[in-house]
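# Structure at a glance
Listed here are the chains, written in short residue letters.
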Amino acid sequence: MTNRRSFLTGAALIGAGMASRAGAASLPEAPQQSGAATAPPLLPPNGRPYNPVVTLNGWSLPWRMKDGVKEFHLVAEPVERELAPGMTARLWGYNGQSPGPTIEVVEGDRVRIFVTNKLPEHTSMHWHGQILPCGMDGVTGLTQPGIQPGKTFVYEFVAKHAGTFMYHPHADEMTQMAMGMMGFWVTHPKDPAQHAVDRDFVFLLNAYDIEPGSYKPKTNTMLDFNLWTFNSRAFPGIDPMVVRKGDRVRIRAGNLTMTNHPIHLHGHTFEVTGTDGGWVRPSARWPEVTTDIAVGQMRAIEFIADNPGDWAFHCHKSHHTMNAMGHNVPNLIGVDHSGVAEKINRLVPDYMVMGDKGGSMGGMQMPLPENTLPMMTGEGPFGGIEMGGMFTTVKVREGLARNDYKDPGWYKHPPGTLAREWTGELPAAPRAPGAPATPAPSPSPAQDNPHHNHVMEVKRGGSHQH
Ligand SMILES: [Cu+2]
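Computed from a predicted model, the values in this text were never measured in an experiment. (Residues numbered from 1 in each chain as written. Predicted model: local features only at pLDDT ≥ 70, side-chain atom pairs only at ≥ 80, totals over all residues. Heavy atoms only, no water.)

### Regarding the overall build of the protein
We count it as follows: Secondary structure elements are defined from DSSP: runs of H or I of at least 4 residues count as helices, runs of E of at least 2 residues count as strands, and each element is numbered from the N terminus. Relative accessibility thresholds used throughout: buried, under 20% of the residue-type maximum; exposed, over 50%; partly exposed, between the two (1.4 Å probe, protein chains only). Per-residue accessibility takes into account occlusion by the displayed protein chains alone, with areas from the Shrake-Rupley method and a 1.4 Å probe.
Looking only at helices and strands, the protein features 5 helices and 26 strands. Relative to its full complement of 466 residues, the protein shows a buried share of 49%. Here the protein displays about 21,500 Å² of accessible surface, and carbon together with sulfur accounts for 56% of that area.

Structural data, given as structure tokens:
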């Protein structure tokens, strides 16, 4: 954990925004975080006790207790975020990172949040899901003027309801959210025994459109994003969620992308126990292995981690578990284009085609432009994982210490519990009645594939771009 503390001097902030001269002189420190590692849970140093959350590849914001009020300081500013090793994005975020730090408070806490704008345009802060006075809702033009560059605004309200929330600007949203401005907010129950779990992970679903070889997201993209991320990290850059066998685990996710994400967990069934509106009554829950999270929604899922292993946890839209790629590639399965790619390559150096045996890039040597991620990547104990984007693992292990979140390495499968190659005799495979005894040979690809003459997608320069 790299913790670079930047202390803003009173002098630099005097006269800023709505914060009074006296208030500005005593602004709380704005801690900064630059690394992308998952920070350990932030144990509350004062105030009411609670069970802290773990922000996936993120951290929680320390506060200052002043006359019984929890004071936080968020600084909106340009940041650099490593999306995964090999690719860094120039984003906008808070306190050194995108997303900003998680804010954790307790039901009934009075909260005061200073928001300083170090961006080149005005911003504001909306506290998504909070029940608060209208004038604290942070909608530019509607409930407040924009926070101009260099200015600080102060928001104050009581965190009335325990639950799962987000924060994000309500000013030039298309740009500011496409640039990564968002953060998580958890209001813990007054009674720490209520809704208690052993491990509580949180992250935001976000997406970027960054041309391979460039660093800044395109902000006008509506649907065709090429980097699908958990907390501005793409697989294999997303940490595993490490849990102890027998733990009750909660995972909370909020969706600030432009599309829905069916989030899927392997090896366990879970229940949705919370939404942006609050907790779901136990009688209204049902078992799931996938839950769809619509745009602007939050879901808290809970399960007992009773099944040891390395379990995939991912968005079920297959294009969301890939990194930067070109989508406009014809399907060449079954087409013999041997030799053709090489010939075209002499003319167009970065030319690539989809494989004739499928899309697997396993054996493919493809030069990547600087600062991008392979579309299918990640090495597992059995070879290439061939994933990207919104994919990580839940690692369930026996006998971990209570606060041990360290990656335990790959799961060691007990003897006899692993799929393996069969080399013995094969039983006859029964066929549907009326089916031919042997499959008919498929017609020559030249007759049924409009791309048989190899007039294929030809891409220049960054071969992955849209
Ligand atoms: Cu998705």
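### Some remarks on empty space enclosed by the protein
Put simply, the rule reads: Within this scheme a cavity is a closed region of a 1 Å grid, computed over the protein atoms alone, that accommodates a 1.4 Å probe without allowing it to escape, whereas a pocket is open but has protein on both sides within 12 Å along at least five of seven lines; lining residues each have an atom within 4 Å of a point. Grid points are joined across faces, edges and corners, and a volume is the space filled by probe spheres set on the points. Residues were grouped as follows: Ala, Val, Leu, Ile, Met, Phe, Trp, Tyr, Cys and Pro as nonpolar; Asp, Glu, Lys and Arg as charged; and all remaining residues, including Gly, as polar.
Counted according to the given criterion, the structure contains 3 cavities of 30 Å³ or more. A volume near 100 Å³ is recorded for the largest cavity. Forming the walls of the largest cavity are Asn-51, His-188, Pro-189, Pro-192, Gln-194, His-195, Ala-196, Val-197, Asp-200, Arg-250, Arg-252 and Trp-279. Residues of the lining of the largest cavity, tallied by class, amount to 5 nonpolar, 4 polar and 3 charged. A volume near 60 Å³ is recorded for the second largest cavity.

### A word on the sheet that holds strand E7 (residues 103-106)
Heads up, the condition is: Any two strands with at least two DSSP bridges between them are considered paired. To obtain an axis, a line is fitted to C-alpha atoms, over the contacting stretch when the element is a helix, and the angle between two such axes runs from 0 to 180 degrees between their N-to-C directions.
Spatial ordering of the open sheet is given by E7-E12-E11-E9, a layout of 4 strands whose pairing is mixed. Both edges of this open sheet fall to E7 and strand E9 (126-128), since each of them pairs with a single strand only. Averaged over all adjacent pairs, the angle separating strand axes in this sheet is 25°, with direction ignored. Relative to strand E11 (residues 163-168), E9 runs antiparallel, the two being bridged by 3 bridges. Following the sheet pairing, Trp-127 is matched in E11 by Tyr-167.

### Concerning the side chain of His-168
Short version of the rule: By definition in these notes, contact holds between two residues if any of their heavy atoms fall within 4.5 Å.
Checked against the element boundaries, His-168 lands in strand E11. What His-168 contacts, discounting residues up to four positions off in sequence, is Ser-124, Met-125, His-126, His-128, Glu-173, Met-177, Met-181, Met-182 and Leu-256.

### Description of the pattern of salt bridges
What counts here: A pair is scored as a salt bridge if a Lys or Arg side-chain nitrogen falls within 4 Å of a carboxyl oxygen belonging to Asp or Glu.
In the structure shown here, the tally under the stated rule is 21 salt bridges. Ionic pairing is found between Asp-209 and Lys-218, a salt bridge with its closest N-O pair at 3.8 Å. The structure contains a network of salt bridges with shared partners spanning Arg-64, Glu-71, Arg-110, Arg-112 and Glu-156.

### Topic: the coordination of the copper ion
This is how the line gets drawn: The donor definition counts N, O and S atoms within 2.8 Å of each metal and applies 3.2 Å to Na, K and Ca; water is not among these atoms, so some sites may look incomplete.
Within the protein, the copper ion binds to His-261 (ND1), Cys-315 (SG) and His-320 (ND1); these donor distances fall in the range 2.0 Å. For the copper ion, the single-chain donor residues occur in sequence as H-x53-C-x4-H. Of the two residues, His-261 sits in strand E17 (residues 261-265) while His-320 sits in the loop between strand E23 (309-315) and helix H4 (340-347), which places them 59 residues apart along the sequence. Taken individually, His-261 and His-320 each receive the classification buried, so the pair is uniform in this respect.

### So, unusual backbone geometry
Cis rather than trans, the peptide bond between Ser-98 and Pro-99 has omega equal to -5°. Mapped onto the fold, Pro-99 is located in the loop between strand E6 (87-94) and E7. Here the amide bond leading from Phe-235 into Pro-236 is cis, since omega sits at 10°, within 30 degrees of zero. Within the chain, Glu-386 stands out as a residue other than glycine whose phi angle is a positive 55°. Here Glu-386 lies in strand E25 (residues 383-387).

### Some points on the layout of surface pockets
The calculated volume of the largest pocket comes to roughly 440 Å³. In terms of lining residues, the largest pocket is bounded by 20 residues, among which Asp-310, Pro-381, Phe-382, Thr-393 and Trp-410 are the most central. Elements represented by at least two residues in the lining of the largest pocket include exactly E23, E25 and strand E26 (391-397). Residues belonging to the lining of the largest pocket are distributed by class as follows: 11 nonpolar, 8 polar and 1 charged.

### Some points on the sheet that holds E23
With respect to topology, 5 strands assemble into an open sheet ordered E15-E26-E23-E17-E21, the strand pairing being mixed. Each end of this open sheet is capped by a strand with a single partner; those strands are strand E15 (241-244) and strand E21 (290-293). Strand-to-strand, the axes of this sheet are offset by a mean angle of 20°, without reference to chain direction. Here E15 runs beside E26; their pairing, made up of 4 bridges, is parallel. Bridge pairing in E26 places Arg-244 opposite Arg-397.

### Thoughts on a nonpolar patch on the surface
So the rule is basically this: Two joining distances apply to patches: 9 Å for like charges and 5 Å for nonpolar side chains (Val, Leu, Ile, Met, Phe, Trp, Tyr), and every residue must have over 30% relative accessible area and no salt bridge.
Together, Met-174, Met-222, Leu-223 and Met-258 line one region of the surface with nonpolar side chains, adding up to about 430 Å² of accessible area. Mapped onto the secondary structure, Met-174 falls in helix H3 (residues 173-178).

### Digging into the environment of Leu-418
When you line up the elements, Leu-418 lands in the loop between E26 and helix H5 (445-448). On the basis of relative accessibility, which here comes to 38%, the residue Leu-418 falls in the partly exposed class. The contact partners of Leu-418, leaving out residues within four places of it in the chain, are Phe-382 and His-413.

### A closer look at the packing of aromatic side chains
Applied cut-off: Stacked, edge-to-face and tilted are the three classes for Phe, Tyr and Trp ring pairs, Trp counted by its six-membered ring, which pair at centre distances within 6.5 Å; planes under 30 degrees apart are stacked, over 60 edge-to-face, the rest tilted. We count a charge as sitting over a ring when the NZ of a lysine or the CZ of an arginine lies within 6 Å of the ring centre and within 35 degrees of the ring normal.
Counted according to the given criterion, the structure contains 13 aromatic pairs. A ring pair is formed by Phe-225 and Trp-228, whose centres lie 5.7 Å apart and whose planes are at 70°; its orientation type is edge-to-face. We classify Trp-228 as buried; its relative accessible area is 5%. A centroid spacing of 6.1 Å and a plane angle of 65° characterise the contact between Phe-230 and Phe-313, whose relative ring orientation is edge-to-face. A residue pair is termed long-range when its members are at least 10 positions apart, and Phe-230 in strand E14 (residues 227-230) and Phe-313 in strand E23 qualify at 83 residues. The pair formed by Phe-230 and Phe-313 is uniform in burial state, with each residue classed as buried. Through pairs of rings, three or more aromatic residues link up here, namely Tyr-94, Trp-127, Tyr-155, Phe-157, Tyr-167 and Trp-185. A cation sits over an aromatic face here: Arg-199 above Tyr-405, 4.7 Å from the ring centre. For Lys-395, the ring lying beneath its charged end belongs to Trp-410, and the centroid distance is 4.4 Å.

These values are about where atoms sit, not about what they do.
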